[in-house]
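Breakdown of the fold
Chain by chain, the residues:
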Amino acid sequence: LSAYNGLIPDHGKLMHLFLVRDGDLGSLAHLHPVPRTPEALDFDVSLPALPAGKYRAYGDIVHESGYAQTLVATVDVPNARPASAPTDPDDSWFTGTAAANAAAFDFGDGTRMQWTRGDRSITRGVETLLEFSVRDTAGVVVDVEPYMGMAAHAMVASRDGSVFAHLHPSGSISMAALQQFSGAGTDPHAGHDMPMSGAVAIPFAFPNAGPYRIWVQVKRGGRIRTAAFDVDVK
């Protein structure tokens, strides 16, 4: 980082760190490390109770210039380790199976995440609107609470490890970078607490063909809830 200028918060965080279990993509952590020094060249974060294994690590940061960067590494999570409290209240993690293609993902609280995909195939290089909605048992779209100022956050990872993207309804550009380029200079989502619609549309073009997993995160009842979907891109 010393080759660049300082960092600015994106969605109120200096870094968004994602851990994705290699191979089966069975576990995901969305964490927010804290800097050790004012220069923010070193960060610390508490590791949640993830299953042991090798994980891909992706650290999203935004420089004062508006340049967004993803730092990539791998980390081995051991079998036995002491439990630790989350570093940040917005930290979240998920372990479980995904819904295949456009099947609904049951949150287990009377709501589900529905991927409205229809019979359309998804083709590499073609921008697609990924449409998701949180619905109750009657099929009605329900409101969600802002999760770091957004109705939803989504992560996309290819099974072979060649693709990872952190997405929002505005697309893949970081909101901090968007604000810097527009000259506003602050995160427009910081502090928003009004309920939001649980229906979102996220634009994305899958760069390669092959199997992917999509995680979609929303907040309801003060809890961060994660849905997972598998999809094959043609």
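Description of the structure in this document.

To continue, consider the overall build of the chain. Each helix and strand counted, the chain has one helix and 18 strands in total. A buried classification covers 45% of the 234 residues belonging to the chain. As displayed, the chain has an accessible area near 10,800 Å², and 52% of this comes from carbon and sulfur atoms.

Its place among the elements puts Arg 225 in strand β18 (residues 223–233). Using a relative accessible area of 11% as the deciding quantity, one classes Arg 225 as buried. Within the structure, the side chain of Arg 225 is placed 3.0 Å from the side chain of Asp 109, a separation counted as a polar contact. At 3.5 Å, the side chain of Arg 225 forms a polar contact with the backbone oxygen of Arg 220. When residues no more than four places from it in sequence are discounted, the contact partners of Arg 225 are Phe 107, Asp 109, Val 216, Gln 217, Val 218 and Arg 220.

What follows covers the nonpolar core. Ranked by size, the top nonpolar core spans 42 residues in total, and within it Met 113 and Phe 132 carry the most contacts. Secondary structure elements with two or more residues in this core: β1 (16–21), β10 (112–115), β11 (128–135), β13 (153–158), β14 (164–167), β16 (199–204), β17 (210–220) and β18. Excluding its chain neighbours within four sequence positions, the residues that come into contact with Met 113 are Ala 104, Phe 105, Phe 107, Phe 132, Ser 133, Val 134, Val 216, Val 218, Ala 227 and Phe 229. One finds Met 15, Leu 19, Ala 29 and Leu 50 within the second-largest nonpolar core, a separate group that totals 13 residues.

What follows concerns the pairing of strand β2 (residues 27–31). Most of β2 is tucked away, with five of its five residues classed as buried. What you see with β2 is no split at all: Ser 27, Ala 29 and Leu 31 on one side and Leu 28 and His 30 on the other are buried throughout. Of the pairings in the sheet, the one linking β1 to β2 comprises four bridges and is antiparallel in character. By the bridge assignment for β2, Phe 18 is matched with His 30. Where β1 hands over to β2, the hairpin turn is made up of five residues, of which Gly 23 adopts a positive phi near 90°.

For strand β9 (residues 105–106) and β10, the ladder comprises two bridges, and the chain directions are antiparallel. Residue pairing for β10: Phe 105 is matched across the bridge by Met 113. The turn joining β9 and β10, which pair antiparallel and follow one another in sequence, is formed by five residues; a positive phi near 80° is taken by Gly 108. Inspection of the sheet shows β10 paired to β11 by four bridges, in the antiparallel sense. Its bridge partner being in β11, Gln 114 is matched across the sheet by Ser 133.

Let's shift gears to the sheet that holds β2. Taken in spatial order, the five strands of this open sheet run β6-β5-β1-β2-β7, and their pairing is antiparallel. Each edge of the open sheet is held by one strand with a lone partner, namely β6 (68–77) and β7 (92–95). Recorded for the sheet is a direction-independent mean angle of 15° between the axes of neighbouring strands. Two elements, strand β5 (residues 53–62) and β6, share 10 bridges in a ladder whose sense is antiparallel. Its bridge partner being in β6, Arg 56 is matched across the sheet by Thr 74.

Each value, and the rule that gives it
- Residues numbered from 1 in each chain as written.
- Predicted model: local features only at pLDDT ≥ 70, side-chain atom pairs only at ≥ 80, totals over all residues.
- Heavy atoms only, no water.
- Helix = DSSP H or I, 4+ residues; strand = E, 2+ residues; numbered from the N terminus.
- Buried < 20%, exposed > 50% of the residue type's maximum accessible area, 1.4 Å probe, protein only.
- Areas by Shrake-Rupley, 256 points an atom, 1.4 Å probe, with all protein chains shown as cover.
- Polar contact = N/O pair within 3.5 Å; in protein donor to acceptor, adjacent residues only side chain to side chain.
- Contact = heavy atoms within 4.5 Å.
- Core = buried A, V, L, I, M, F, W, Y, C linked by side-chain atoms within 4.5 Å.
- Pairing = 2+ DSSP bridges.
- Axes fitted to C-alpha atoms, helices over the stretch in contact; angles between N-to-C directions.

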